[in-house]
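Listed here are the chains, written in short residue letters.
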Amino acid sequence: MSAIEITEIIKQISQEIEVDSNGHGKASIKATARLAGVDDESIRKALKSSADLVPSKLAKELMLQGFSAADLSQWRTDGIPDIAIAIILEYYAYEAGRYCTKQARLVCRSFNTIGIRAWIQDKLGWTKPTSNSETAMTQIQLLAALAQQLAEQEQHLLQQQQQQTQILARLKAVEVEQDRVNTPCGHKYSVVGFANLQGLEISVKEASTKGRKASALCRKQGIEIERIHDPRFGKVGLYPESVLIEVFSTGQN
């Protein structure tokens, strides 16, 4: 079979091939069978078997490509989509065993370089509509570009805010350290940190008790208690060295 003969077949089945406004092609079972060079009843039976307990080899191949049994059943009345036509033609060209046809191989070769959808579009002379949808698409693209620009600006502002937050945090840390150096009561420590500094072992219960006592002394003396995150105890207080010396020197838990 020559390319001229295939062209003649296309003319004969042109009424049973269509392309929608999006360029998606579809053909009837009869038209698909003519392209593959097989009897249309063979394809009907193959698609019908998808609902059976033992689907045909072609039905299995289509379902392996993501189509459902319901899809295959619906094609018998609504027509076969272009992507599925490509699978069917390839099946009858190379995988159908003794049912393979030379025509299916020739048709496959004729559209393999551009794809079945573009091939059907070309055979039916379909071109992309130049209507209001083109203008609408341009507007959508402009809106998308504007949204992207706004998103980038928002991201930039977030980065600036994060940088400002980090700078403020560093300044706060410097201020805290300066306060520790300049305060007459010395550096600040947590209860456990001070105990470790003194080489003392302290239980969680003892640390909690001494922490409450240190907090009470700070409140009594009007000293602000700084709190930091501790991975073991959550939030813990930092107390002036002089307060902790008093708490530990009393020998009371």
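All values reported here derive from a predicted model rather than from experimental measurement. One numbering rule holds for all chains: residues counted from 1, following each sequence as written. This being a predicted model, a pLDDT of at least 70 is required before a residue's local features are given, and a value of 80 or more before pairs of side-chain atoms are given or counted; all residues contribute to the totals for chains, interfaces and linings. Computation of side-chain values covers all heavy atoms of the structure but excludes hydrogens and water.

A few points about helix α6 (residues 82-95)
One full turn of an α-helix is made of 3.6 residues, so residues set three or four places apart face in the same direction.
Line of reasoning, step 1. For α6, with 14 residues, the first-to-last C-alpha span of 19 Å sits near the 20 Å given by 1.5 Å per residue.
Line of reasoning, step 2. Burial status follows relative accessibility: with a 1.4 Å probe on protein chains alone, a residue under 20% of its type maximum counts as buried, one over 50% as exposed, and anything between as partly exposed. Runs of H or I in DSSP of at least four residues are treated as helices and runs of E of at least two as strands, each being numbered from the N terminus. Of all 14 residues in α6, ten are buried; the element is thus mostly enclosed.
Line of reasoning, step 3. Residues D82, A84, I85, A86, I87, I88, L89, Y91, Y92 and A93 constitute the buried set of α6.
Line of reasoning, step 4. G97 sits one or two positions beyond α6 and adopts a positive phi of about 65°. Multiplying 1.5 Å by the residue count of a helix minus one yields the expected span of that helix.

Digging into the side chain of S28
Line of reasoning, step 1. Checked against the element boundaries, S28 lands in the loop between β2 (25-27) and α2 (29-36).
Line of reasoning, step 2. In protein, a polar contact requires one atom able to donate a hydrogen and another able to accept it; more generally it is a pair of N or O atoms within 3.5 Å, and residues adjacent in sequence count only if both atoms are side-chain atoms. Among the polar contacts listed, one links the side chain of S28 to the side chain of E16, at a separation of 2.5 Å.
Line of reasoning, step 3. Should any heavy atoms of two residues lie within 4.5 Å, those residues are considered in contact. In contact with S28, other than residues within four places in its own chain, are E16 and G79.

Here we look at the environment of E16
Line of reasoning, step 1. By the element assignment, E16 lies in the loop between α1 (3-13) and β1 (17-19).
Line of reasoning, step 2. On the accessibility criterion, E16 (29% relative accessible area) is partly exposed.
Line of reasoning, step 3. Sequence spacing of E16 and K30 is 14 residues, and the spatial spacing of their C-alpha atoms is 7.9 Å.

Some thoughts on the pattern of salt bridges
Line of reasoning, step 1. The working definition used for a salt bridge is a side-chain nitrogen of Lys or Arg within 4 Å of a carboxyl oxygen of Asp or Glu. Evaluation of the coordinates by the stated rule reveals two salt bridges.
Line of reasoning, step 2. Of the charged contacts in the structure, one is a salt bridge between E18 and K26, with a shortest N-O distance of 3.9 Å.
Line of reasoning, step 3. On the basis of relative accessibility, which here comes to 47%, the residue E18 falls in the partly exposed class.
Line of reasoning, step 4. A relative accessible area of 27% means that K26 is categorised as partly exposed.
Line of reasoning, step 5. One salt bridge connects R44 with D40, and the closest N-O pair in it is separated by 3.6 Å. In this pair, R44 and D40 both sit in helix α3 (residues 40-48), four residues apart, roughly one turn of the helix.
Line of reasoning, step 6. Its relative accessible area of 24% is what places D40 among the partly exposed residues.

Topic: the sheet that holds β2
Strands pair in a sheet through their backbones, by hydrogen bonds, and they do so in one of two ways: parallel or antiparallel.
Line of reasoning, step 1. By definition, two strands form a pair when at least two bridges between them are found by DSSP. Spatial ordering of the open sheet is given by β1-β2-β3, a layout of three strands whose pairing is antiparallel. The sheet is open, and its two edges are formed by β1 and β3 (80-81), each paired on a single side.

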